[in-house]
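# Structural characterization, general
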Amino acid sequence: GSWDRQTKMEYEWKPDEQGLQQILQLLKESQSPDTTIQRTVQQKLEQLNQYPDFNNYLIFVLTKLKSEDEPTRSLSGLILKNNVKAHFQNFPNGVTDFIKSECLNNIGDSSPLIRATVGKLYFYSSVAYLVCNWVF
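Throughout what follows, the structure given in this document is the object of discussion. (Residues numbered from 1 in each chain as written. Predicted model: local features only at pLDDT ≥ 70, side-chain atom pairs only at ≥ 80, totals over all residues. Heavy atoms only, no water.)

## Re the overall build of the chain
Selection rule: The secondary structure listing takes helices from DSSP runs of H or I that are at least 4 residues long and strands from runs of E that are at least 2 residues long, numbered from the N terminus. Throughout, exposure labels follow a simple rule: accessible area from a 1.4 Å probe, protein chains only, divided by the maximum for the residue type, with under 20% read as buried, over 50% as exposed, and the rest as partly exposed. Any pair of residues with heavy atoms lying within 4.5 Å of one another is described as a contacting pair. Only the protein chains shown count as cover for residues, with accessible areas throughout obtained via the Shrake-Rupley method and a probe of 1.4 Å.
When you go through the chain residue by residue, the secondary structure sums to seven helices and zero strands. Written out in order from the N terminus, the α and β elements of the chain read α-α-α-α-α-α-α. Counting across all 136 residues of the chain, residues that qualify as buried make up 40%. For the chain, contacts bridging at least 24 residues in sequence account for 69% of all contacts bridging at least 6. In the form shown here, the chain has an accessible surface area of approximately 8,400 Å², with 55% of it arising from carbon and sulfur atoms.

See the structure below:
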């Protein structure tokens with residue numbers, strides 16, 4: 001019905017170019033062998049968790065940014081998976097559905113690494129959703 005359309009509209013989400021570049025930079029830096037850099041990146045990622053649409057950027061990098069290299073895209077999905085596990089109850093409405101639908105759309109990605117990441121992410125999102133909406 002019309003309500004359906006409304007929620008879909010809300011999730012025609014587009015990343016801010018500057019924000020996207022910042023996150024890509026962090027994802028690349030976090031692959032550095034230097035532990036000092038890794039620690040700094042970790043802190044920045046924690047800070048970014050305070051922004052409601054940070055997870056949208058992560059799913060965007062994983063599923064839409066096919067031009068990026070696979071390790072970066074996969075890492076984005078793994079960070080998102082950890083966010084789902086740690087912060088799920090704070091996710092804004094609709095984010096989980098957005099994550100799950102993007103996962104389903106990309107389960108056939110040409111890269112085995114991305115397919116595996118998407119699968120794990122979908123699994124965790126579904127489980128977290130069930131746990132949070134559990135009726136005891």
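## Structural notes on the packing of helix 2 (residues 17-29) against helix 3 (residues 35-48)
Put simply, the rule reads: The convention used is that axes are lines fitted to C-alpha atoms, helices contributing only their stretch in contact, and that angles between N-to-C directions extend from 0 to 180 degrees. Crossing chirality is assigned from the near helix's rotation relative to the far helix, an anticlockwise turn below a right angle marking it left-handed and a clockwise turn marking it right-handed. The nonpolar class holds Ala, Val, Leu, Ile, Met, Phe, Trp, Tyr, Cys and Pro. Asp, Glu, Lys and Arg form the charged class, and all remaining residues, Gly among them, are polar.
Where helix 2 contacts helix 3, the two axes come as close as 9 Å, and the packing angle between them is 145°. At the point where helix 2 passes helix 3, the crossing takes the left-handed sense. Along its contact with helix 2, which presents Ile23, Leu26 and Glu29, the element helix 3 presents Ile37, Val41, Lys44, Leu45 and Leu48. Taken together, the residues of the contact of helix 2 with helix 3 break down into six nonpolar, no polar and two charged.

## Quick word on a nonpolar patch on the surface
Short version of the rule: Each patch is built from salt-bridge-free residues with over 30% relative accessible area, joining like charges within 9 Å and nonpolar side chains (Val, Leu, Ile, Met, Phe, Trp, Tyr) within 5 Å. One speaks of a salt bridge when a side-chain nitrogen belonging to Lys or Arg is within 4 Å of a carboxyl oxygen belonging to Asp or Glu.
A surface patch of nonpolar side chains, about 270 Å² in accessible area, is lined by Phe123, Val127 and Val131. Position of phenylalanine 123 relative to the elements: it lies in helix 7 (residues 112-132).

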